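Chain by chain, the residues run as shown.
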Amino acid sequence: MAARPEVVALLTDFDLQRTGSGQRLVHRDGTPFSTKETDLLTSATDEDLRAAASELAAAPERLAELFMPSLRTVAEQLSDDPPTKEAP
């Protein structure tokens, strides 16, 4: 099965927005994912994920954008001296 372009596009255009009860998926411009988009995203296959990873690897700054908030959270949880707000 080949990667589905519409799923790959969603995988490369998502962000997590913090809400009072957790997080929700939004596009990079902040607009929320529709139910259909969320369903497509959760149906991602290995091929879809590989194609999206390949696209993200070609854009290292976007890859860093995606993972930095998570890395910062983990670092804060593991460290006695959390990173400053200015740290990348």
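Preceding this paragraph is the structure being described.
About the thresholds
Residues numbered from 1 in each chain as written. Predicted model: local features only at pLDDT ≥ 70, side-chain atom pairs only at ≥ 80, totals over all residues. Heavy atoms only, no water. Helix = DSSP H or I, 4+ residues; strand = E, 2+ residues; numbered from the N terminus. Contact = heavy atoms within 4.5 Å. Areas by Shrake-Rupley, 256 points an atom, 1.4 Å probe, with all protein chains shown as cover. Core = buried A, V, L, I, M, F, W, Y, C linked by side-chain atoms within 4.5 Å. Buried < 20%, exposed > 50% of the residue type's maximum accessible area, 1.4 Å probe, protein only. Pairing = 2+ DSSP bridges.

### Quick notes on the overall build of the protein
The helix and strand tally for the protein stands at four helices and two strands. Counting from the amino terminus, the protein carries its helices and strands in the arrangement α-β-β-α-α-α. In the protein, of all internal contacts separated by at least 6 residues, the share reaching a separation of at least 24 is 48%. A total of about 6200 Å² of accessible surface is found on the protein, and carbon and sulfur atoms cover 57% of it.

### Some thoughts on the nonpolar core
Counting residues in hydrophobic clusters, the biggest one holds seven residues: Val7, Val8, Leu10, Leu11, Phe33, Leu41 and Ala52. For this core, the leading source of residues is helix α1 (residues 5-11), giving four residues. Apart from residues no more than four positions distant in its own chain, leucine 10 is found in contact with His27, Phe33, Glu37, Leu40 and Leu41.

### Section: the pairing of strand β2 (residues 22-27)
Pairing of strand β1 (residues 14-19) with β2 involves six bridges; the strand directions are antiparallel. Opposite leucine 16, over in β2, you have leucine 25 as the bridge partner. The antiparallel pairing of β1 with β2 creates a hairpin that spans two residues between the two strands.

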